[in-house]
Each structure stands twice: as C-alpha cells, then as structure tokens.
Amino acid sequence: MAPDPKLPADKRAVVHVEPEDWAAWLTGPVEGAMALIRPQPADFFDQTDAVRTDALLASLL
C-alpha cells in the first residue's frame, strides 16, 4: 500500500511480533498492538530467518 500523500511523512520501522501474537497484532485493539512493540537488539534480525520466511510464503502460493 502506498503512503497517502495528503498525510504527513510516514516513519516506519521493523517490528518483530512472535507468531503467537500475530492475531492480536493484526486484529486486536490498538492498545494491545502497541503493547507488543518491544525493542530488539540489532543482531536479533538476520537474513536466515527472512530467507526461511520467504520460502514458506512462496510454498503457500
């Protein structure tokens, strides 16, 4: 989805959400989703997990 040009500039960051929290993140109230935002150390995110996720999603298509 493209940003709405009528709104102020959008600042986004990666947020890691554990699989057991996905439903709350996607369908719960804003307050519940905000409670799931926790800072992670920089080395938490690595390419291996991204590649595995891409492969899983590709297998579902």
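Just so we're clear, the structure is a prediction, and the values are computed from it rather than from any experiment.

Novice: Looking at this structure, I do not really get the environment of Glu-31. What am I missing?
Specialist: If you trace the backbone, Glu-31 turns up in helix 2 (residues 30–35). Each C-alpha atom, one on Glu-31 and one on Glu-18, is 17 Å from the other, the two residues being 13 residues apart in sequence.

Novice: Sorry if this is basic, but what is going on with the layout of surface pockets here?
Specialist: The gaps of empty space that remain are located by a probe, the size of a water molecule, rolled over the atoms. What the largest pocket holds in volume is close to 510 Å³. No other element matches helix 3 (residues 47–60), which puts 6 residues into the lining of the largest pocket.

Novice: Is there a simple way to explain helix 3 in this structure?
Specialist: Quick reminder: α-helices carry 3.6 residues per turn. Residues three or four places apart thus point the same way. Over its 14 residues, helix 3 extends 20 Å from the first C-alpha to the last, a length consistent with the 20 Å expected when each residue adds 1.5 Å. Helix 3 sits mainly on the outside: 0 of its 14 residues count as buried.

Novice: Looking at this structure, I do not really get the confidence of the model for the protein. What am I missing?
Specialist: Should the pLDDT be low somewhere, the predicted coordinates at that spot are not to be read in detail. On average, the protein scores 84 in pLDDT, and the residues at 70 or more come to 92%. Per-element averaging of pLDDT across the protein places helix 3 at the bottom with 87 and helix 1 (residues 22–27) at the top with 94.

About the cut-offs
- Residues numbered from 1 in each chain as written.
- Predicted model: local features only at pLDDT ≥ 70, side-chain atom pairs only at ≥ 80, totals over all residues.
- Heavy atoms only, no water.
- Helix = DSSP H or I, 4+ residues; strand = E, 2+ residues; numbered from the N terminus.
- 1 Å grid on protein atoms, 1.4 Å probe; cavity = no way out; pocket = protein on both sides within 12 Å on 5 of 7 lines; lining within 4 Å.
- Points joined across faces, edges and corners; volume = space filled by probe spheres on them.
- Expected span 1.5 Å × (residues − 1).
- Buried < 20%, exposed > 50% of the residue type's maximum accessible area, 1.4 Å probe, protein only.
- pLDDT = per-residue confidence, 0-100.

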